[in-house]
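Here's the letter readout for the chains.
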Amino acid sequence: MERRGRMGTPPSPSSSASASASSSSSSPLLALLVLLALGPLAAAALEVPLDLPQPPTITVQSPKDYIVDPREIIIQCEAKGKPHPRFSWTRNGTHFDVDQEPKVTMKPNSGSLVVDISGEKAESYEGTYQCTARNDHGTAVSHAIVLRQSRSPLWSKERIDPIVVQEGVSLVLQCRPPAGLPPPSIFWMDNNFQRLPQSSRVSQALNGDLYFSNVQRADSRNDYICYARFRHTQTIQQKQPINVKVLNLDTLNETMADLYNETDLYSDTPANDRQPTFLIPSGPSSSQLVLRGEVLELECIADGLPTPEVSWTKVGGDLPAKRFSILQFQKMLRIDNVSASDAGDYHCTARNALGTAHHAIRVTVRAAPYWIDGPPSNLVLAPRETGVLTCRASGTPKPSIVWSMNGVPMENALDLDPGVRVEDDTIIFSEVQAGSSAVYQCNVTNEYGYLLSNAFVNVLSEPPRVLTQADKVYQVIRNHGVVMDCASFGSPIPKITWFREGGSSTLDGEPYAVHENGSLEVHVAQAEYSGKYTCVARNNLGTVENHVHLQVKDPTRIMKQPEYKVVQRGLAAVFECKVKHDPSLVPTMTWLKDSDELPDDERFLVDSDSLTIVEVTEADQGVYTCVMNTTLDHDSASAELSVVEAEPTPAVVHERPDPPSDLELTDQKETSVQLTWTPGDENNTPIQKFLIQYEDSLHHGGHWHNLTEVPGTRTTAHLKLVLALNHVGLSHPSLPSRTYKTDPAPPDKNPSDVHGYGTRHDNLVISWKPLTGLQANGPMLQYKVMWRLKDVDIDWTSVVVANVSKFVVSGTPTFTPYELRVQALNERGAGPEPAVAHGHSGEDLPVAAPDNIRVVANSTLAEVRWDPVLPKTIRGHLKGFKVYYWRERREHREHNHNLHHVEKQILTFSGNHSRAMLPGLLPSSNYSVNVCVFNGKGVGPSSTTQTFETLESVPGVPSFLTVSDLELDSLTLKWGPPHERNGRLTGYTLTYQPVNSSNELGPAKELSLAPNETSVTLPNLQYGTRYKLYLRAKTAKGAGPAIPQEAITIMDEVAPVAPAFGNVSWVESERGPMFSWDYWGPETNSVVLRGLKEGLTYRVRVVAQGPDGQAPHRSEELVVSVRAMTSRQVDIATQGWFIGLMCAIALLILVLLIICFIQRNKGVKEKEDAHTDPEFQPMKDEDCTFGEYSDSEDHKPLKGSRTPSSGRTVKRGDSDDSLVDYGEGGDGQFNEDGSFIGQYSGKSAGPDAAEGEGPESSEAPSPATTAVTSMNSFV
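Please read these numbers as outputs of a predicted model, since none were measured by experiment. (Residues numbered from 1 in each chain as written. Predicted model: local features only at pLDDT ≥ 70, side-chain atom pairs only at ≥ 80, totals over all residues. Heavy atoms only, no water.)

*Asks:* Go over the pattern of salt bridges, please, and point to the residues and values.
*Replies:* Enumeration according to the criterion identifies 39 salt bridges in this entry. Here arginine 392 makes a salt bridge to aspartate 373, at a shortest N to O gap of 3.1 Å. In this pair, arginine 392 is assigned in the loop between β31 (386-390) and β32 (393-396) and aspartate 373 in the loop between β29 (355-371) and β30 (379-381), connecting sequence segments 19 residues apart. On the basis of relative accessibility, which here comes to 19%, the residue arginine 392 falls in the buried class. Notably, a salt bridge pairs glutamate 1117 with arginine 1099, separated by 3.2 Å at the nearest N-O pair. Residue glutamate 1117 is located in the loop between β93 (1113-1114) and β94 (1118-1121), and its partner arginine 1099 is located in strand β91 (residues 1097-1100); the two are separated by 18 residues in the primary sequence. Sharing partners across several salt bridges, the network here consists of Asp51, Glu462 and Arg465. (Salt bridge = Lys/Arg side-chain N within 4 Å of Asp/Glu carboxyl O. Helix = DSSP H or I, 4+ residues; strand = E, 2+ residues; numbered from the N terminus. Buried < 20%, exposed > 50% of the residue type's maximum accessible area, 1.4 Å probe, protein only.)

*Asks:* How would you summarise the state of the cysteines if you had to cite specific residues and measurements?
*Replies:* Taken as a whole and assessed by the stated rule, the structure comprises 6 disulfides. Sulfur-sulfur distance for the disulfide between cysteine 77 and cysteine 131 comes to 2.0 Å. One disulfide, between cysteine 77 and cysteine 131, carries an S-S torsion of -70 degrees and so falls in the left-handed class. A residue pair is termed long-range when its members are at least 10 positions apart, and cysteine 77 in strand β5 (residues 77-82) and cysteine 131 in strand β10 (residues 127-135) qualify at 54 residues. For the pair shown, cysteine 77 and cysteine 131 are each scored as buried. Each disulfide pairs two cysteine sulfurs, and for cysteine 300 the partner residue is cysteine 348, the sulfurs being separated by 2.0 Å. Its S-S torsion of about -75 degrees marks the bond between cysteine 300 and cysteine 348 as left-handed, since a negative value means left-handed. Linking cysteine 300 in the loop between β23 (296-299) and β24 (301-305) with cysteine 348 in strand β28 (residues 344-352), this pair joins segments that are 48 residues apart in sequence. Residue cysteine 300 shares its accessibility class with cysteine 348, and that shared class is buried. (Disulfide = S-S within 2.5 Å.)

*Asks:* Account for the packing of aromatic side chains, naming residues and giving values.
*Replies:* Where two aromatic rings form a pair, the distance of their centres and the angle of their planes describe that pair. The full count for this structure, using the stated rule, is 15 aromatic pairs. Arranged with centres 5.8 Å apart and planes meeting at 5 degrees, the rings of phenylalanine 187 and tyrosine 227 form a pair that is stacked. Of this pair, phenylalanine 187 sits in strand β15 (residues 185-189) while tyrosine 227 sits in strand β18 (residues 221-230); the two residues are 40 residues apart in sequence, bridging distant segments of the chain. Overall, the relative accessible area of 4% leaves tyrosine 227 in the buried class. On the numbers, 6.1 Å between centres and 45 degrees between planes, the contact of phenylalanine 193 with tyrosine 227 is tilted. With a gap of 34 residues between them, phenylalanine 193 in the loop between β15 and β16 (202-204) and tyrosine 227 in strand β18 connect regions that are remote in the sequence. Pairwise contacts between aromatic rings join Trp89, Phe96 and Tyr129 into one cluster. (Phe/Tyr/Trp six-rings, centres within 6.5 Å; stacked < 30°, edge-to-face > 60°.)

*Asks:* So what's going on with the sheet that holds strand β50 (residues 573-576)? Residues and values would help.
*Replies:* The strands making up a sheet associate through hydrogen bonds between their backbones, and the pairing can be parallel or antiparallel. Spatial ordering of the open sheet is given by β50-β55-β54, a layout of 3 strands whose pairing is antiparallel. One side of each edge strand has no neighbouring strand; the edge strands of this open sheet are β50 and β54 (604-606). Across the sheet, the mean angle from the axis of one strand to that of its neighbour is 15 degrees, orientation sign disregarded. Pairing of β54 with strand β55 (residues 610-613) involves 3 bridges; the strand directions are antiparallel. Residue valine 606 lies in a different strand from β55, and its bridge partner there is leucine 611. (Pairing = 2+ DSSP bridges. Axes fitted to C-alpha atoms, helices over the stretch in contact; angles between N-to-C directions.)

*Asks:* Let's hear about the environment of proline 320: which residues, and what values?
*Replies:* For proline 320, the position within the fold is in the loop between β25 (309-314) and β26 (324-327). Taking the C-alpha atoms as reference, proline 320 lies 7.7 Å from isoleucine 335; in sequence the two are 15 residues apart. Beyond its immediate stretch of four places on either side in the chain, proline 320 contacts Ile335 and Asp342. (Contact = heavy atoms within 4.5 Å.)

Okay, structure coming up:
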């Protein structure tokens, strides 16, 4: 038994011949090659499960030419194996002892080196590094990694004199940037950082210089600035601005001539029109060397006036299609992915109205070594098996191949197995022995580069195991295909057989097919195929089985499709879409308008099986599609909506036209007849067209078919029955004409829609659309089916069939193009010569996987690239690629570090691709990826799994931060590392600062902590002080977000401190009692206590809760009484007690007036009785009598009455103030019933008080004061 390292593919005859010619023992080799060709082919190189012994495999390594950012140097080297590999390094060919380098560390369970260059020069670590990974079963070696520091040197300081140039001449502005590593990108901009415009006249060359084919006056400016961007260091440097002045000598006067002598001008010759000459390259010819796979860039920049146009040609051939592009305004020819066929002579031609210039460039193509069929693959052999490792590579010049075993050249290997023989690019293993596992290195070298590949030979005796998930459920739609996996591993390779539950025979043959990788394919699934399937893997060491389940679902179908709608503007349009689907699948209905989402408009109402558009407008016109999706399939249907204007009610009735009459057949011929008719009444709507129908009574009696349409102005056509059409609709059919029978004839057409496809990998189904009975032109209709291989000059193979629409050709090679023809025959002869159609025989699963998988990743995104798959290995129509990727989840154990991958994620890319983007990755995580190609038959084998690691990012917030052990001058913090580390933690940053009693932050202090620390004690703090603390975790990418915390050190028990709470009080507000307090400073806090019951008394205090372990602060207690009734302050004049008081005062005044009036009358009478003199003196005030009394005074207002003298009106709102405002005053008082009357109590202003001064000046005099004043005037 034998196995091969390259998927079991035997060497080509040419390679076998060369090996025989170069070997001294060609006969044994030839015999072995014959044995290999006849023996069973091995499956694709197997991935050995990591729990089995295996030599190391390098999974990640830094690139060969490694230019690093000097701020961070990481040299990657990752490997897998069992036991886990040990790593070592060489630098410049000698052992590199990491333990002796204080600035260099090796990542745990990894070979990657991390160089800390703080305080060091990065140049001291430049050199050639090589990583070695070894375990008990072999040694793997990385390629040589040339480490160089990126450099962005400064532009040398220079003084650039202004350039004065005559209009029309050519000009070159040199950039000459400093030599950086890698070279910088060059671009020209102005002072405003705007790119300078370029054209066919002005353009930038590959060397960065700016070329003018001829200058114009508009080119004068003082800010031609060349910028150099250094990618690795992310820096941009600029050259000193260049000042260019373009002058016209014809307009210079003598003053300008004196100012600018001949040496000042860039050119002092007249600038006339001239034929082209090349500024670059120089001379009539030049040469250029380019390597295979690189980009070839050729440029030709010409001088001339008018501006020349440049064109490109290749001598003796065409420019490579799809790989070339002409850029920089036709001045540069670019060819991507150069191959040997691109070598030769290229001509660039510059033309203007005055002449032509030519330049020839000879291109030589060389090739660094490259793989022909990919690098050697790992080989797993059982004891006493035979296998082959092949290292097939090419290059120009032809490279040399050197084999090594475990990093030692084969000729120097001490423990080389006798059964191992090297034959040029092949190693042959015969009768391998247990314990002879090793890693073999193939080094392919020529003067332009090298390839180094590791491939191990693992000698194992392992019973079979099934890697496919147990009891996995596969779902498929009826009449579709499905592939059920049975991935296995064992040594020797297990043989896979399949059984169905309840059956004893193996499944091999229609409708099943077992692939080489063990998968079982069902080509056309039916409902009865549902059930349990068992795959059995066996070798000479044991047998194992696995069960999977197949569920066949009914397809999703739209039973009632939406229909074409014509709706008047402003009305509603309803589209129905009724669907039938498998009841176990969850459907999702989606509506589209013109293949896009529905407008975000509430006029669009989506129901479970309909779409309603209310108040349609012209913008709603379009094609509406309902799409029904399930997890397995979908179906869709479309209809168009037309919106028309609402038409007014017509004055006349429009109806369908009357049917035509008087049908007459004339001019009867072999295949035609003239039909004449008389149109019916138009019914107020012009006839647009006539529809001609016919009846084929010989083949489809009783069925009328549409034949043709003629304009409404015609009254003649060929054949039979006529209908008229106007805007209203079709008329009723006319009466049929008389029957006319034609004579039989050979068919005048052949079947259409001829297709060729396969239902199996070894057949070709030729199908066509059969002719109708009318198209047969006679009885005994048959078909002559013809086929032959495409592009092969052989005779057609044919067969004659009848009453069918397809024919199956068996025994065809897989997916081979064919030419097809189908010709109609009847008893009168054959139809016309049929057209040639093309088709392919049946597809089969791809046999090859994408090769050369490359991954470039940042912290969250990875780009995967692969080489194209050879078309012949796809064995079918290329449908696309599937990219499987998964994250390797680390599990830490006591003595080892294992990787376990989580469920795979799949991205499918339809069409031919060579790259894919993997989004949503986690930083600093190991991922594995492989790629498969799939065709119409299914998915091919997976590529070699490529493992990569995403870059680090800043970490997440620490998981927790607590405060403990509070002391007078210290406190202890404890924390946990962040859940999202996003890389290797380099430490923590702790920032803390005190907060004083005014809540002002003091100076912040920062403390750096080691990554393995989870607690720290902060000493020398102030006692009884609150501190704000912020903790951040760090990686090499920087610090992450902070977790905040607060803590207060313990009060000094001896020294008195101010209480935490101050000025605790409460007032009653409209919303309830308002509680206010100060805490550690003058800042006031308040809260309204809601929900308290009326008439009750409460004890209230404030508590400040500190961090864990710290005693809370409590304020003094206050007693809060809630009034039984709380009401809003109202106008006092409306209160009952006030009205009663006013009435009593008024009554008292009235009594006093009456008494005074009686006393006055009595005194007058006594005077009259005592004195006869009519003259008398007035009574004095102190005698309680009135002088000069008159009746008119009764009409004067009393002094102090409420009649306003100044026009001021006392408003109701003047007293409608809040309780809180009055509570703050010093003069307000409460009555016994709780009413506030402070506003109405009179206040003496004093003799010196200004009028209107003080709070009382704006208030009206109180009624009580007025009453007292009135009484004083009487006393």
